[in-house]
Structures are given as structure tokens and as C-alpha cells.
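# Observations on the three-dimensional arrangement
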Amino acid sequence: QLVESGGGLVQAGGSLRLSCAASGRTFSSYAMGWFRQAPGKEREFVAAISWNGGSTYYADSVKGRFTISRDNAKHTVYLQMNSLKPEDTAVYYCATDHTGWGQTRLPDEYDYWGQGTQVTVSS
């Protein structure tokens, strides 16, 4: 089970940190990804991190502003979002990648999903 938290309303230029808490003993073997979906749009890749945190991947639209990290001891993955823009407004989801490497950006290749947390950035 994956549970996201940390979403909310923030002004443009502000920051938020999302968390995704996972249950189960296999968390440390999974890569983790963050996706987002805005109204009327398809779910899109935001960032991913390998099982040990050694590799990270970002969408071009968030590179340099967002940082993904993980704490395997706490079974939690984070998404630090800085310099937020109105176009970042979406429901954000975390998901597991059983391969452990986090190299895929396709939602269909992720296994389990959280319920999502809303991020709204006002202009």
C-alpha cells in the first residue's frame, strides 16, 4: 500500500515536499516513481529513483526544480518541489517499479499506485 501526503495550495515560486509511505517488506527492492495528472490530461512521468537511490530521473519540465529522494529505513520516498509554477498543478501519484531501476517513464510499467495528493499552484 502506498499513501501520499504533503500536497496543498501554494503560490507560484513556492515549495512543497510530497511524501509517499509504503507498507511491506519489499520497499527497498523497488524503484519508485512520481507521476502527475492534470484535469483533462494524461498521467505523466515526473521523476523516478532506483532501489538504492543511486540513480534518479526527471522529466525535462521539472529538472532543476524537483528532487526525488528515498529513505529505505522509513519506507518512504519524497518529492521536493521548488520554484513551483501554475502548470505544476495536478494530482501527484507515487508508484512502484518492480525492476528496481526506475528507468521506465511509462505508467503502464509501474505496478502499484497510491491514491494521489492534490497540488495546486496559484499565479
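Rules and cut-offs
Residues numbered from 1 in each chain as written. Predicted model: local features only at pLDDT ≥ 70, side-chain atom pairs only at ≥ 80, totals over all residues. Heavy atoms only, no water. Pairing = 2+ DSSP bridges. Helix = DSSP H or I, 4+ residues; strand = E, 2+ residues; numbered from the N terminus. Axes fitted to C-alpha atoms, helices over the stretch in contact; angles between N-to-C directions. Buried < 20%, exposed > 50% of the residue type's maximum accessible area, 1.4 Å probe, protein only. Contact = heavy atoms within 4.5 Å. Salt bridge = Lys/Arg side-chain N within 4 Å of Asp/Glu carboxyl O.

Right, let's get into the sheet that holds strand S3 (residues 16-22). Reading across from one edge, S1-S3-S8-S7 is the order of the four strands in this open sheet, with antiparallel pairing throughout. The open sheet has two edge strands with one neighbour each: strand S1 (2-5) and strand S7 (66-71). Between one strand axis and the next, the sheet turns through 15° on average, direction left out of account. Here S7 pairs with strand S8 (residues 76-81) via six bridges, running antiparallel. Note on S8: the bridge partner recorded for Thr 67 is Gln 80.

Moving on, we get to unusual backbone geometry. The phi angle at His 75 is positive, at roughly 55°, despite the residue not being glycine. By the secondary structure assignment, His 75 is in the loop between S7 and S8. With phi around 50°, Ser 83 is a residue other than glycine that occupies positive phi space. Structurally, Ser 83 is set in the loop between S8 and strand S9 (90-97).

The six strands are arranged S2-S10-S9-S4-S5-S6 in an open sheet whose pairing can be described as mixed. Because the sheet does not close on itself, it has two edges, and the strands there are strand S2 (8-11) and strand S6 (56-58). Here the average twist between neighbouring strands, direction ignored, is 25°. Relative to S9, strand S4 (residues 31-37) runs antiparallel, the two sharing seven bridges. Directly across from Gln 37, in S9, lies its bridge partner Val 91.

Moving on, we come to the pairing of strand S10 (residues 117-122). What you see with S10 is a clean split: Thr 117, Val 119 and Val 121 sit on the buried side and Gln 118, Thr 120 and Ser 122 on the side with no burial. As defined by bridge partners, S2 adjoins S10 across four bridges and the pair is classed as parallel. Within S10, the position partnered with Leu 9 by the bridge is Thr 120.

Moving on: the environment of Ala 48. Here Ala 48 is to be found in strand S5 (residues 44-49). Through-space distance from the C-alpha of Ala 48 to that of Cys 94 is 9.3 Å; in sequence the pair is 46 residues apart. When neighbours within four sequence positions are excluded, Ala 48 is seen to be in contact with Met 32, Gly 33, Ser 55, Thr 56, Tyr 57, Ile 68, Gly 102 and Tyr 110.

Attention now moves to the pattern of salt bridges. Counted by the stated rule, this structure contains four salt bridges. Taking the shortest distance from any N to any O, the salt bridge between Glu 44 and Arg 36 comes out at 2.6 Å. When its relative accessible area of 36% is taken as the criterion, Glu 44 is described as partly exposed. Since its relative accessible area comes to 5%, Arg 36 is described here as buried. Asp 60 is the partner of Lys 63 in a salt bridge, and the nearest nitrogen-oxygen pair spans 3.3 Å. The class of Asp 60 is exposed, set by a relative accessible area of 66%. Among the charged side chains, a salt-bridge network with shared partners connects Arg 36, Glu 44, Arg 65 and Asp 88.

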